Amino acid sequence: MTPTTDIKAGRIQLLVAFAAIYLIWGSTYLAIRFAIDTIPPFLMAGFRFILGGLLLFVWSRWQGTPIPTRREMRHAAVVGLFMMVGGTGGVTWAEQFVPSGLTALLVATVPLWIVLFDWLRPDGQRPSWLMWLGLSIGTVGMGLLVVPGHFAGADHVNLLGAGVLIVACASWATGSIYSRHAPLPKAQTMSAAIQLFAGAIAMLALSLVAGEWRGFDVSQVSGRSVVSFFYLAVFGTLAFAAYVWLLRASTPAKAATYAYVNPVVAIALGSLIGGEPFQLRTLISAAVICVAVALIIIAKTIHPAVRTSPASESSGTPASPRSVPSTSTCQK
């Protein structure tokens, strides 16, 4: 290959990778909604995590990654409980009540929670004035989305679902911050695989406690739910791989732009394909929240700190270790 050919190939790879984290991760919210139409949420998430974890584990081993130590697996499992169970599990359950586009909007506030929790932890980093501005604007955007009444001609979001989503975002942020200092496996894909396996065990246990197995009839699962399930497990995992690659081929700040592109994609797909109403309240909240997230990303670029993990959003996808920027959003 000539240098010119190498440059063109590199540009194509970058375009494909960005398309993956923008479009695939943005589409996972609608895929979750379709998947849980006929598959119980905890059960769906549990088996999704198993398949995604197997894909990442096999890929890691094929790349020559060693098996993690017990200590590394234990800490990765803790991260997985916060991210996969509290984060993605909460998102999956909440989509029974909250449209996929609005779910993506609330999840987009994860970077705000990370900044806040990172400040509150012992020896935490105090937010810069730009971060405070982002936090303030993000709070306003979240309030506009869930405020009761008919603001901007639209009904408010289901409060139970919105509450679970907020808890899910907080859980994801907690796992992200914990992963900064935990002795996780050095390979991100291996760390993510362990997180997914831990999440799968917990989600299947929750499914059992919730009684999902008793009322579940495989014959009643729709084709759309099956396709959506495999899309989440396979393509969400591929999008995570693309994200990991972008962290090295591009810059963390550019890779983190998915944080405010995903909600736009999710809202558009939810409206065009999912039949979800597109309302003025959603448009206003989306604009405010995306501005807030953009300010956080800019602030992190100006004043870089230790990076955190996405997990990912196999999601999407899970994500993991320390080489991921702290603007990561909840795995979809």
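Procedures and definitions
Residues numbered from 1 in each chain as written. Predicted model: local features only at pLDDT ≥ 70, side-chain atom pairs only at ≥ 80, totals over all residues. Heavy atoms only, no water. Helix = DSSP H or I, 4+ residues; strand = E, 2+ residues; numbered from the N terminus. Buried < 20%, exposed > 50% of the residue type's maximum accessible area, 1.4 Å probe, protein only. Areas by Shrake-Rupley, 256 points an atom, 1.4 Å probe, with all protein chains shown as cover. Patch = residues over 30% accessible without salt bridge, like charges linked within 9 Å, V, L, I, M, F, W, Y side chains within 5 Å. Salt bridge = Lys/Arg side-chain N within 4 Å of Asp/Glu carboxyl O. Phe/Tyr/Trp six-rings, centres within 6.5 Å; stacked < 30°, edge-to-face > 60°. Lys NZ or Arg CZ within 6 Å of the ring centre and 35° of its normal. Core = buried A, V, L, I, M, F, W, Y, C linked by side-chain atoms within 4.5 Å. Contact = heavy atoms within 4.5 Å. Axes fitted to C-alpha atoms, helices over the stretch in contact; angles between N-to-C directions. Parallel < 35°, antiparallel > 145°, perpendicular 65-115°, else oblique. Left-handed = near helix turned anticlockwise from the far one by under 90°. Nonpolar A, V, L, I, M, F, W, Y, C, P; charged D, E, K, R; others polar. Expected span 1.5 Å × (residues − 1). Arc of directions from axis to C-beta.

Considering the overall build of the protein chain
In terms of helices and strands, the protein chain carries twelve helices and zero strands. Ordering the α and β elements of the protein chain from the N terminus gives α-α-α-α-α-α-α-α-α-α-α-α. Within the span of the protein chain, comprising 332 residues, buried residues form 55% of the whole. Split by element, the accessible area of the protein chain, about 13,900 Å² in all, is 71% carbon and sulfur.

Some points on a nonpolar patch on the surface
Among the surface-exposed residues, F47, L208 and W213 lie close enough to one another that they form a single nonpolar patch of about 310 Å² accessible area. Within the secondary structure, L208 sits in helix α8 (residues 188–209).

Some details on the pattern of salt bridges
In this structure the tally under the stated criterion is two salt bridges. Put simply, R33 and E276 hold a salt bridge, and the shortest N to O gap is 2.9 Å. In this pair, R33 sits in helix α1 (residues 3–35) while E276 sits in the loop between α11 (258–272) and α12 (280–302), placing the two residues 243 residues apart along the sequence. One exposure class covers both R33 and E276, and it is buried.

Quick look at the packing of aromatic side chains
One pass over the structure, following the stated rule, counts nine aromatic pairs. With a centroid separation of 5.1 Å and an interplanar angle of 85 degrees, the aromatic rings of W119 and W132 are classed as edge-to-face. You can see W119 sitting in helix α5 (residues 110–120) and its partner W132 sitting in helix α6 (residues 129–146), a full 13 residues away along the chain. Between the NZ or CZ atom of R224 and the centre of the ring of F34, over which it lies, the distance is 3.8 Å.

Observations concerning the nonpolar core
Counting 73 residues, the largest nonpolar core has I21, W25, M44, F49, L105, L106 and L145 as its most contacted members. Residue contributions to this core peak at ten residues, all from α1. Discounting residues that sit within four places of it in the chain, L106 has contacts with M142, L145, V146, A162, L165 and C169. With nine residues, the next largest nonpolar core counts L130, M131, L295 and I296 among its residues.

Let's talk about the packing of helix α3 (residues 70–94) against helix α7 (residues 159–181)
The angle between the axes and the distance between the axes are what describe a pair of packed helices. Running from amino to carboxyl end, α3 crosses α7 at an angle of 160 degrees, the nearest separation of the two axes being 8 Å. If you check the angle between α3 and α7, you find them roughly antiparallel. For the crossing formed where α3 meets α7, the hand is left-handed. Residue classes in the contact of α3 with α7 are distributed as 14 nonpolar, eleven polar and no charged.

A few points about the side chain of T92
Position of T92 relative to the elements: it lies in helix α3. If we ignore the near neighbours within four places in the chain, the residues touching T92 are I32, I36, P41, M44 and A45.

Examining α6
If you check α6, its first and last C-alpha atoms are 26 Å apart, about what 18 residues at 1.5 Å a residue would give, namely 26 Å. Those residues of α6 lying buried are L130, M131, G134, L135, G138, G141, M142, L145 and V146. What you see down the axis of α6 is that its buried residues fit within an arc of 135 degrees, all on one side. The exposed residues of α6 that point more than 90 degrees off its buried face are W129 and T139. Lining the buried residues of α6 we find α4 (100–107), α5, α7 and α12.

Here's the deal with the environment of Q125
Relative to the assigned elements, Q125 resides in the loop between α5 and α6. In this structure Q125 comes out as partly exposed when scored by relative accessible area, which is 27%. Between the C-alpha atom of Q125 and that of V115, which follows or precedes it by ten residues, the distance is 8.3 Å.

Notes on α5
Residues of α5 that are buried include every one of V110, P111, L112, W113, I114, V115 and D118, and no others. Looking at the packing, one finds that the buried side of α5 touches α4, α6, α7 and α12.

Quick notes on the environment of L133
Along the chain, L133 turns up in helix α6. L133 sits 166 residues away from A299 along the chain, and the two C-alpha atoms are 9.9 Å apart.

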